[in-house]
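Observations on the model geometry
Residue strings, one per chain:
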Amino acid sequence: MKEFLELWNGVFHGEPPANETIFWIVECGLGDLICFGVLIIPVIVGFYLYIRYLDWIYIEKPDRAFQLRDAIVEQTGDFSVYDMSDEELEALYYSECDF
């Protein structure tokens, strides 16, 4: 952790590191890549997970419910399932075994 702090201070605060290896990393520009990677990678991963969550909530979940309603209508011909809430639909689906 001490070495990373030296690297961080060398890149962002301009303090010359005492360790020669870290000094070389800062001088050649590799320190910028490492420090910005530490900042950017968690942001990108968090954004990706947030987008996947929104995709599940607004696309996959309603599509699954629609597919279930469509399958029930094809098998029974009962169009009243389109008026049911998702909770009522799941209860109907799990109560009847032949769907």
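Residues numbered from 1 in each chain as written. Predicted model: local features only at pLDDT ≥ 70, side-chain atom pairs only at ≥ 80, totals over all residues. Heavy atoms only, no water.

**Here's the deal with the side chain of R69**
Mapping R69 onto the fold places it in helix α3 (residues 30-76). Within the structure, the side chain of R69 is placed 2.9 Å from the backbone oxygen of V81, a separation counted as a polar contact. (Helix = DSSP H or I, 4+ residues; strand = E, 2+ residues; numbered from the N terminus. Polar contact = N/O pair within 3.5 Å; in protein donor to acceptor, adjacent residues only side chain to side chain.)

**Description of the layout of surface pockets**
Within this model, the largest pocket holds a volume of roughly 300 Å³. In this structure, the largest pocket is lined by K61, R64, A65, L68, D86, E87, L89, E90, Y93 and Y94. Of all elements in the fold, only α3 and α4 (86-95) reach the threshold of two or more residues within the lining of the largest pocket. At six residues, α4 tops the list of elements feeding residues into the lining of the largest pocket. (1 Å grid on protein atoms, 1.4 Å probe; cavity = no way out; pocket = protein on both sides within 12 Å on 5 of 7 lines; lining within 4 Å. Points joined across faces, edges and corners; volume = space filled by probe spheres on them.)

**A closer look at the packing of aromatic side chains**
For the structure shown, the criterion picks out five aromatic pairs. Summarising the aromatic geometry, the rings of W8 and F12 are spaced 4.5 Å apart at their centres and angled 55° between planes, so their arrangement reads as tilted. Within this pair, W8 and its partner F12 are both found in helix α1 (residues 2-12), separated by four residues, close to a single helical turn. Look at F12 and you get partly exposed, because its relative accessible area is 32%. Judged by centre distance (6.5 Å) and plane angle (25°), the rings of F79 and Y82 are stacked. A residue is classified by how much of its surface remains accessible, and F79, at 58% relative accessible area, is exposed. Y82 gets classed as partly exposed once you look at its relative accessible area, which sits at 35%. Members of the aromatic cluster, connected to one another through ring pairs, are F4, W8, F12 and F36. (Phe/Tyr/Trp six-rings, centres within 6.5 Å; stacked < 30°, edge-to-face > 60°. Buried < 20%, exposed > 50% of the residue type's maximum accessible area, 1.4 Å probe, protein only.)

**Remarks on the packing of α3 against α4**
Orientation of α3 relative to α4, taken along the N-to-C sense of each, is 50°, at an axis distance of 11 Å. By the angle class used here, α3 and α4 are oblique. Remark: the crossing between α3 and α4 carries left-handed chirality. Between α3, through A65, L68, R69 and I72, and α4, the contact on the second element is made entirely by D86, L89, L92 and Y93. (Axes fitted to C-alpha atoms, helices over the stretch in contact; angles between N-to-C directions. Parallel < 35°, antiparallel > 145°, perpendicular 65-115°, else oblique. Left-handed = near helix turned anticlockwise from the far one by under 90°. Contact = heavy atoms within 4.5 Å.)

**A word on the confidence of the model for the protein chain**
Interpreting fine coordinate detail is not advised for predicted regions of low pLDDT. Residues at a pLDDT of 70 or more form 96% of the protein chain, whose mean pLDDT is 88. For the protein chain, α4 is the element with the lowest average pLDDT, namely 81, and α3 is the one with the highest, namely 92. (pLDDT = per-residue confidence, 0-100.)

**Here's the deal with a nonpolar patch on the surface**
Residues F12, F36, L39, I40 and I44 make up a contiguous nonpolar surface patch of about 450 Å² in total accessible area. The biggest single contributor to the nonpolar patch is α3, with four residues. You can see L39 is positioned in helix α3. Its relative accessible area of 39% is what places L39 among the partly exposed residues. (Patch = residues over 30% accessible without salt bridge, like charges linked within 9 Å, V, L, I, M, F, W, Y side chains within 5 Å. Areas by Shrake-Rupley, 256 points an atom, 1.4 Å probe, with all protein chains shown as cover. Salt bridge = Lys/Arg side-chain N within 4 Å of Asp/Glu carboxyl O.)

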